[in-house]
2 protein chains.
Amino acid sequence: MSELNVKEYMAELGRKARIASRVIAAAPTALKNKALLAIANELDKSRITLVSENQKDLAAGKANGLDAAMLDRLAVKPATIDGMIEGLRQVAALADPCGEITGMSYRPSGIQVGKMRVPLGVVGIIYESRPNVTIDAASLCLKSGNAAILRGGSEAIHSNRAIANCLQAGLKAAGLPADVVQVVETTDRAAVGELITMPQFVDVIVPRGGKGLIERISTDAKVPVIKHLDGICHVYIDDKADLDKAFTISMNAKTHRYGVCNAMETLLVHEQVAAQILPRLAAAYAEKGVELRGDEKTRDLISANVATEEDWATEYLAPILSIKIVSGLDEAIAHINQYSSQHTDAIVSEDYTRARRFITEVDSASVMVNASTRFADGFEYGLGAEIGISTDKIHARGPVGLEGLTSQKWVVFGDGHIRA
Amino acid sequence: MSELNVKEYMAELGRKARIASRVIAAAPTALKNKALLAIANELDKSRITLVSENQKDLAAGKANGLDAAMLDRLAVKPATIDGMIEGLRQVAALADPCGEITGMSYRPSGIQVGKMRVPLGVVGIIYESRPNVTIDAASLCLKSGNAAILRGGSEAIHSNRAIANCLQAGLKAAGLPADVVQVVETTDRAAVGELITMPQFVDVIVPRGGKGLIERISTDAKVPVIKHLDGICHVYIDDKADLDKAFTISMNAKTHRYGVCNAMETLLVHEQVAAQILPRLAAAYAEKGVELRGDEKTRDLISANVATEEDWATEYLAPILSIKIVSGLDEAIAHINQYSSQHTDAIVSEDYTRARRFITEVDSASVMVNASTRFADGFEYGLGAEIGISTDKIHARGPVGLEGLTSQKWVVFGDGHIRA
């Protein structure tokens, strides 16, 4: 596609999405659920096509030298399709966030004022590799009353087109316009540039992928972005900690899964308990094959590599942990507020006042007391589903579910009231 | 100041604001209120200086040919100072939004999860002319636990510096860092460019001023912007309207004040009642000196100039009203969703289903039934104060008070809980 054609193509998607957004915003809950289940039905009917189209992507991926992990994320297996179908059913079962009216009350003027939860309008989702994100993202946008424009990775284009066909067939079967969910069918990179600079057609962008992709999009976007950058998460073990809880939480936060954003990357330990807890932890981490990097005081107590300034600011996503011994809560909070990516940070302490100070003063999307950072997740928090985890402070922080894809408008009821 | 110096100067303000933001975020309500009242006290003590510094701005303004309206907005009179002091006291009396925890509940895993309302961090406010905005903006940021960087118009620099001195003295008197509210003390335009492109130091920008200023800032900002563009507000008179209510609301929405964003700019009238209501309205508007511009059907009924396509998309901010006769609710909603600036739109109808459809399907920040659009205002809605009116859909829509300067983070309480 030529540059001009991409521009026109994306503008046309945008125009159609804006029109479809009016229809889906006003659609009753039952109709949206019907469409979700119809899409699940279409996926079930199209299993053979989905797998065979995915084979084309996998073959191209192998030819282009994608590594095994990338190919694994790209693969659409029968179990992947089962998962997509189950996800659609789960989203259909969630409560509809739209239309909820809260805080309705009378004002001295006599008008009644409240807020109504409403869709954002058109959501643009940009993601990489995993074709099942197409269904995840589409279902959450649909249920929250938004039209969606989905731009998957070029390496998954055949899979995404096949999924798009199921989406459109399902929407039509339910009596909704197919344009409620559109999949960008060109692999031209210029399409992303267009999608993030059409504020007249797109109300918010949700990028899902590596930090590089998200930083590029945030820099160039002329549309608000709900972004998830990195997860440099901390656990602080206070001297008033129950050391058994501290041990269990520190092990879980680091070793439950390594490549996830809510894994602990830095452990802060109060100097009064470091000699008690660190050797025990070091032995357990060694058993799991976790590389330790510590400050000088840490290295006086346990065997560890040198932690540099860079380590405090690094999201390892790997079996590596940096450890720092601190003089107390003040230093722990200062360290976290300087180096944390404001994703998730936890304190382990039995002290009421310190726990209270930690949750108030640590400026992160999730703050925890005596719990593993691994809980920072839309499902664990009860959102039922998750479009992403926001490291922004505006609009939505932390795990973003259906509510994060909505906003609130003001509703005023009068009886001929005028302003005096 | 050289370009490099402006960059360094603004970065220094940003660094200081970020540090101060930690202090004000953790400050107890009583301390924030003490600071607000101390600032009021400083203003009261500095009346002579405030007026004499303002005289310098007024003299320069006259020399530079500012018109009478501009000079009026720029003037700091004794009553202006009274207003600022009263405003500070009112904000001190408002409930503190910070720290509110909602939705705390147990999850199947055993953790307890809820949301805590917290400040955004550092708020940059860019405004024109009126020096009293300096106090308005500072007080709302302070009460909501945010540090603020305020950039007023260059024509008000002496007034703003004098107000800044009161702000800083009041903060210090209360025992808070003076950097909690900083006023940009250079009139160099490059300072704005810096302020809106320092995401590491500034969490949100609130521009207050003309549409041109706001569009420029939105285009160039690398920081989220809570913006208020224009107010093209509609009143739709349904054929099921009580025509006395319709008359009163239409007059109030247009003629109560002309230069305000929540004034009606376009009146839509159902064809079945147009012949009854329009001549009565036309006579009343003529008495007020309102110029009418109508579509062809309107001009068949009353004397009016021709309304062009451009009229439907124009915020007059003047005694001008465009009028269109529509075939019913569908056409009214379609017209509004096409031409409204999504600020405030109202229906006048006694019909339950149509009222319900209007508030659901009209995609504007405020939707009203049988009430004047003039009610779209933070004070009228009970926010106690208003930093602006958002025409955005993300984060905050419509009048933005203290809550709009906050966000919600997740709080998790456990007892040694780990993820299975």
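Quick caveat, the model's predicted, so the values are computed rather than measured.

Parameters at a glance
Residues numbered from 1 in each chain as written. Chains lettered and ligands numbered in written order. Predicted model: local features only at pLDDT ≥ 70, side-chain atom pairs only at ≥ 80, totals over all residues. Heavy atoms only, no water. Phe/Tyr/Trp six-rings, centres within 6.5 Å; stacked < 30°, edge-to-face > 60°. Helix = DSSP H or I, 4+ residues; strand = E, 2+ residues; numbered from the N terminus. Buried < 20%, exposed > 50% of the residue type's maximum accessible area, 1.4 Å probe, protein only. Lys NZ or Arg CZ within 6 Å of the ring centre and 35° of its normal. UniProt positions renumbered as here; feature names shortened; annotations may be inferred. Pairing = 2+ DSSP bridges. Axes fitted to C-alpha atoms, helices over the stretch in contact; angles between N-to-C directions. Contact = heavy atoms within 4.5 Å. Least-squares fit on C-alpha atoms with pLDDT ≥ 70 in both. Expected span 1.5 Å × (residues − 1). Salt bridge = Lys/Arg side-chain N within 4 Å of Asp/Glu carboxyl O. Parallel < 35°, antiparallel > 145°, perpendicular 65-115°, else oblique. Nonpolar A, V, L, I, M, F, W, Y, C, P; charged D, E, K, R; others polar. Core = buried A, V, L, I, M, F, W, Y, C linked by side-chain atoms within 4.5 Å. Buried area = accessible area lost by both parts, 1.4 Å probe. Polar contact = N/O pair within 3.5 Å; in protein donor to acceptor, adjacent residues only side chain to side chain. Arc of directions from axis to C-beta. Right-handed = clockwise from strand over helix to strand, strands pointing away.

Observations concerning the packing of aromatic side chains
Under the definition given, this model contains two aromatic pairs over all chains. Centroid distance A:Tyr381 to B:Trp410: 4.8 Å. Interplanar angle 40°. Geometry classified as tilted. Here A:Tyr381 is found in the loop between β13 (366-371) and β14 (388-390), whereas its partner B:Trp410 is found in strand β16 (residues 406-417) on a different chain. As far as burial versus exposure is concerned, A:Tyr381 and B:Trp410 are alike and both buried. If you follow A:Arg280 out to its NZ or CZ, it ends over the ring of A:Phe247, 4.1 Å from the centre. Directly above the aromatic system of A:Trp312 lies the positively charged group of A:Lys324, at a separation of 5.8 Å from the ring centroid.

Description of the UniProt feature "domain: Aldehyde dehydrogenase" (unreviewed entry) in chain A
All names here are of chain A. Residues annotated by UniProt as "domain: Aldehyde dehydrogenase" (unreviewed entry) correspond here to residues 80-289 and 312-377. Across residues 80-289, the secondary structure splits into 41% helix and 21% strand, with the terminal C-alpha atoms separated by 31 Å. Helix makes up 33% of residues 312-377 and strand 27%, and the two end C-alpha atoms of the span are 23 Å apart.

Observations regarding the sheet that holds strand β6 (residues 204-208) of chain A
Pairing between sheet strands relies on hydrogen bonds along the backbone, with the strands arranged either parallel or antiparallel. Residues and elements named next belong to chain A. Taken in spatial order, the four strands make up an open sheet running β5-β4-β3-β6, and their pairing is parallel. The strands lining the two open edges of the sheet, one partner per strand, are β5 (181-183) and β6. Across the sheet, the axes of successive neighbouring strands diverge by a mean angle of 20°, strand direction being ignored. Together, β3 (122-127) and β5 form the strand contacts of helix α7 (residues 157-173), whose direction differs from that of β5 by roughly 160°. Where helix α9 (residues 211-220) meets the sheet, it contacts β3 and β6, and its direction lies at approximately 160° from that of β6.

Some words on the sheet that holds β16(B)
If you walk across this open sheet you meet the 10 strands as β10(A)-β9(A)-β11(A)-β8(A)-β7(A)-β12(A)-β13(A)-β16(B)-β2(B)-β1(B), and the pairing is mixed. Only two strands of the sheet have a single partner each, and these edge strands are β10 (305-306) of chain A together with β1 (101-106) of chain B. Both strand β9 (residues 291-294) of chain A and strand β11 (residues 320-326) of chain A contribute to a ladder of four bridges, which runs parallel. Across the sheet, the residue bridging to A:Glu291 is A:Ile320, located in β11(A). Each of β7 (233-237), β8 (264-270), β11, β12 (344-348) and β13 of chain A together with β16 of chain B touches helix α10 (residues 243-255) of chain A; the most contacted strand, β7(A), lies at about 165° to it. Against the sheet, helix α11 (residues 274-288) of chain A touches β7, β8, β9 and β11 of chain A, its axis set at about 150° to β8(A).

Here's the deal with the relation of the copies chain A and chain B
With an axial shift of 0.0 Å and an RMSD of 0.0 Å, the rotation relating chain A to chain B amounts to 180°. In symmetry terms, the pair is related by a two-fold rotation axis. In terms of C-alpha distance to the rotation axis, chain A has A:His395 as its closest residue, with the C-alpha 1.9 Å off the axis. An overlap of 99% is found between the interface residues of chain A and their copies at the interface of chain B, pointing to a shared contact surface.

Brief notes about helix α6 (residues 132-143) of chain B
Residues and elements named next belong to chain B. End to end, α6 covers 17 Å across 12 residues, agreeing with the expected 16 Å (1.5 Å per residue, within 8%). Taken as a whole, α6 has its buried residues at Val-133, Thr-134, Ile-135, Ala-137, Ala-138, Ser-139, Leu-140, Cys-141, Leu-142 and Lys-143. Gly-145 sits one or two residues past α6 and shows a positive phi near 80°.

Looking at the pattern of salt bridges
Summed over the entire model, instances satisfying the criterion amount to 68 salt bridges over all chains. Residue A:Asp203 is joined to B:Lys393 by a salt bridge in which the shortest nitrogen-to-oxygen separation is 3.8 Å. Of this pair, A:Asp203 sits in the loop between α8 (190-195) and β6 while B:Lys393 sits in the loop between β14 (388-390) and β15 (398-400), which puts the two residues in different chains. Residue B:Lys254 is joined to B:Glu265 by a salt bridge in which the shortest nitrogen-to-oxygen separation is 2.8 Å. On the criterion of sequence distance, the pair formed by B:Lys254 in helix α10 (residues 243-255) and B:Glu265 in strand β8 (residues 264-270) is long-range, its members being 11 residues apart. Considered together, B:Lys254 and B:Glu265 belong to a single accessibility category, that of buried residues.

Topic: the packing of helix α3 (residues 47-63) of chain A against α7(A)
Residues and elements named next belong to chain A. Between α3 and α7, the shortest axis-to-axis distance is 7 Å and the interhelical angle comes to 155°. As summarised for this structure, α3 and α7 are arranged roughly antiparallel, according to the angle between their axes. On α7, the residues touching Leu-50, Glu-53, Asn-54, Lys-56 and Asp-57 of α3 are Ile-157, His-158, Ser-159, Ala-162, Ile-163 and Cys-166. Within the contact of α3 with α7, the residues separate by chemical class into five nonpolar, three polar and three charged.

Brief notes about the nonpolar core
The nonpolar side chains of a soluble globular protein tend to be buried with one another. Ranked by internal contacts, the top residues of the largest apolar core, which has 101 residues, are A:Ile125, A:Leu150, B:Ile125 and B:Leu150. Here A:Ile125 is in contact with A:Ala137, A:Cys141, A:Ile149, A:Leu150, A:Arg151, A:Val206 and A:Ile387, once residues within four sequence places are set aside.

Brief notes about the packing of helix α2 (residues 29-45) of chain B against helix α5 (residues 78-93) of chain B
All names here are of chain B. Close contact between α2 and α5 brings their axes to 9 Å; oriented N to C, the two are set at 170°. The orientation of α2 relative to α5 falls into the category roughly antiparallel. Residues Asn-33, Leu-36, Leu-37, Ile-39, Ala-40, Leu-43 and Asp-44 of α2 form the contact with α5, whose own contacting residues are Ile-81, Met-84, Ile-85, Leu-88, Arg-89, Val-91 and Ala-92. Considering only residue class, the contact of α2 with α5 consists of 11 nonpolar, one polar and two charged.

Details of the interface of chain A and chain B
If you look at the interface, chain A gives 68 residues, while chain B gives 67 residues. For the pair chain A and chain B, the summed buried area comes to about 5800 Å², and 55% of that belongs to carbon and sulfur atoms. Its largest share of buried area at the contact with chain B, chain A owes to A:Ile394, A:Trp410 and A:Arg419, together 16% of the area lost on that side. For the pair chain A and chain B, the interface holds 12 salt bridges. At the junction of chain A with chain B, the criterion picks out 52 residue pairs in polar contact (both at pLDDT 80 or more).

Section: helix α15 (residues 352-361) of chain A
Residues of α15(A) that are buried include every one of A:Ala355, A:Phe358 and A:Ile359, and no others. Here the buried residues of α15(A) occupy an arc of 90° about the axis, which is enough to place them on one side. Buried residues in α15(A) make contact with β7, α14 (329-339), β12 and β13 of chain A together with β2 (112-119) and β16 of chain B. Here α15(A) starts with a cap whose side-chain oxygen sits 3.1 Å from the backbone nitrogen of A:Thr353, and that cap is A:Asp351.

A closer look at the pairing of strand β3 (residues 122-127) of chain B
On a regular strand, each side chain points to the face opposite its neighbour's, so the side chains alternate between the two faces of the sheet. Residues and elements named next belong to chain B. Burial runs high along β3: six of the six residues are buried. Here β3 shows two buried faces, one formed by Val-122, Gly-124 and Ile-126 and the other by Val-123, Ile-125 and Tyr-127. The pairing of β3 with strand β4 (residues 147-151) spans five bridges and is parallel. Following the sheet pairing, Ile-125 is matched in β4 by Leu-150. Where the polypeptide runs from β3 across α6 and back to β4, its parallel neighbour, the crossover connection is right-handed. Across five bridges, the pairing between β3 and strand β6 (residues 204-208) is parallel. Paired with Tyr-127 across the strands is Arg-208, a residue of β6.

Quick notes on unusual backbone geometry
All names here are of chain A. The phi dihedral of Leu-317 is positive, around 50°, even though this residue is not glycine. Structurally, Leu-317 can be placed in the loop between α13 (309-312) and β11. Unlike most non-glycine residues, Gln-342 shows phi in positive territory, near 65°.

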